[in-house]
Amino acid sequence: MNYWLVKSEPFKYSWDDFVKQGVGTWDGVRNYQARNNLAAMKIDDLVLFYHSNEGVEVVGIAKIVKEAYQDPTTDDTRWVVVDLTPVEKLPKTVTLQSIKADVRLQDVSLIRQSRLSVQQLKKEEFDIIVSKAYEN
DNA sequence: GCCAACGTTGGC
DNA sequence: GCCAACGTTGGC
């Protein structure tokens, strides 16, 4: 079981769009590192859904319902997509600011490699971020 | 809108 | 295979 974080610009594809749709195909990835992460995802792996640019925060949890297959938006066989479905909306969003402020989360890619759009998280990191959504 | 960080491209 | 130029992402 692995844990991931994916980014989306909310004005392009927001958490609410995703929930409305029920199942979302994660297409358009054109970065090898992100692609490799997509390819490593397994059914039922959990994925944090992060809003970049606007909000700049983790908003919900999703899971993998279909493992990597050819990206239908291109003929280029180098690129793959996965399908995700929403699991739960976090009761409170977890901002990048609060992630940066947590000494236990200094190694997450959001901080170390902010441009990577599909990132892997350690189980502890995933748990810490989710627990922040339930604080107070 | 600016700019830093990073990835990609192409000339040599 | 190096590196400069350029494009893109994303935080602020």
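Here the structure is a predicted model, which means the values were calculated and not measured. In this convention, every chain numbers its residues from 1, walking through the sequence in written order. By the order in which they are written, chains take letters starting at A while ligands take numbers starting at 1. Confidence filtering applies because this is a predicted model: local features only for residues at pLDDT of at least 70, side-chain atom pairs given and counted only at 80 or more, and all residues used for totals across whole chains, interfaces and linings. Water and hydrogen atoms were dropped before computing side-chain values, which therefore reflect all heavy atoms in the structure.

## Some points on helix H5 (residues 123–132)
Side chains that are three or four residues apart share a direction in an α-helix, a result of its 3.6 residues per turn. The condition that has to hold: Buried residues are those whose accessible area, probed at 1.4 Å on protein chains only, stays under 20% of the maximum for their type, while exposed residues exceed 50% and partly exposed ones sit between those limits. The numbering of helices and of strands both runs from the N terminus, where a helix is a DSSP run of H or I of at least 4 residues and a strand a run of E of at least 2. Residues count as neighbours in contact if any of their non-hydrogen atoms are within 4.5 Å of one another.
Regarding H5, the residues found buried are Glu-125, Phe-126, Ile-128, Ile-129, Val-130 and Lys-132. Those residues of H5 that are buried are in contact with strand S1 (3–8), strand S3 (46–51), strand S4 (57–70), strand S5 (80–95), helix H3 (96–100) and strand S6 (118–121).

## Some thoughts on helix H2 (residues 32–40)
Condition: Working definition: the arc comes from the directions between the helix axis and the C-beta atoms, pointing outward to the latter. Think of a polar contact as two N or O atoms within 3.5 Å of one another; within protein, one of them needs to be a possible hydrogen donor and the other a possible acceptor, and neighboring residues in sequence only count if both atoms come from side chains.
When H2 is considered as a whole, its buried residues turn out to be Ala-34, Arg-35, Asn-37 and Leu-38. Viewed along the axis of H2, the buried residues span an arc of 160 degrees, placing them on a single side of the element. Lining the buried residues of H2 we find S1, S4, S5 and S6. Two or three places before Gln-33, at the opening of H2, Asn-31 has a side-chain oxygen 3.0 Å from that residue's backbone nitrogen.

## Notes on the environment of Val-56
With respect to the helices and strands, the residue Val-56 is situated in the loop between S3 and S4. With 38 residues separating them in the primary sequence, Val-56 and Val-94 have C-alpha atoms 8.7 Å apart. In this structure, Val-56 is in contact with Tyr-50, His-51, Thr-95 and Leu-96, ignoring residues within four places of it in sequence.

## Examining the UniProt feature "domain: EVE" (unreviewed entry) in chain A
We count it as follows: UniProt positions are given in the numbering used here, feature names are shortened, and annotations may be inferred rather than shown by experiment.
Here, the residues flagged by UniProt with the feature "domain: EVE" (unreviewed entry) are residues 2–131. Secondary structure content for residues 2–131 is 26% helix and 37% strand, while the C-alpha to C-alpha distance between its ends is 17 Å.

## Quick word on the pairing of S5
Cut-off, in case you're wondering: Between any two strands, pairing holds if DSSP finds at least two bridges.
Bridging between strand S2 (residues 24–25) and S5 involves 2 bridges; their strand directions are antiparallel. The partner of Gly-24 across the bridge, within S5, is Leu-84. Relative to S5, S4 is paired through 10 bridges, and the arrangement is antiparallel. Pairing of Tyr-69 across the sheet is with Val-81, part of S5.

## Some words on the pairing of S4
Within a regular strand, side chains alternate between the sheet's two faces. With 6 bridges connecting them, S3 and S4 associate as antiparallel partners. Counterpart to Tyr-50 in the pairing with S4 is Val-58. Here S3 folds back onto S4, and the loop between the two strands holds 5 residues, one of which, Asn-53, carries a positive phi near 65 degrees.

## Regarding the protein's contact with DNA strand C
To keep things clear, this is the line we draw: Any residue with a non-hydrogen atom lying within 4 Å of a molecule or strand is treated as near it. Only Asp, Glu, Lys and Arg are considered charged, only Ala, Val, Leu, Ile, Met, Phe, Trp, Tyr, Cys and Pro nonpolar, and every remaining residue, Gly among them, polar.
Taken together, the neighbourhood of DNA strand C is formed by Lys-7, Tyr-50, Ser-52, Asn-53, Val-56, Leu-96, Lys-100, Ser-114 and Arg-115. Sugar plus phosphate, as a fraction of atoms of DNA strand C within 4 Å of the protein: 77%. Interatomic distance of 2.8 Å between a side-chain N/O atom of Tyr-50 and a phosphate oxygen of DNA strand C. Asn-53 is positioned with one of its backbone polar atoms (N or O) 3.0 Å from a phosphate oxygen of DNA strand C. Considering only residue class, the surface near DNA strand C consists of 3 nonpolar, 3 polar and 3 charged.

## So, unusual backbone geometry
With phi around 75 degrees, Asp-44 is a residue other than glycine that occupies positive phi space. The residue Asp-44 is located in the loop between H2 and S3 in this model. By relative accessible area, Asp-44 is classed as partly exposed at 39%. With a phi angle near 55 degrees, Val-56 is a residue other than glycine that sits in the positive phi range.

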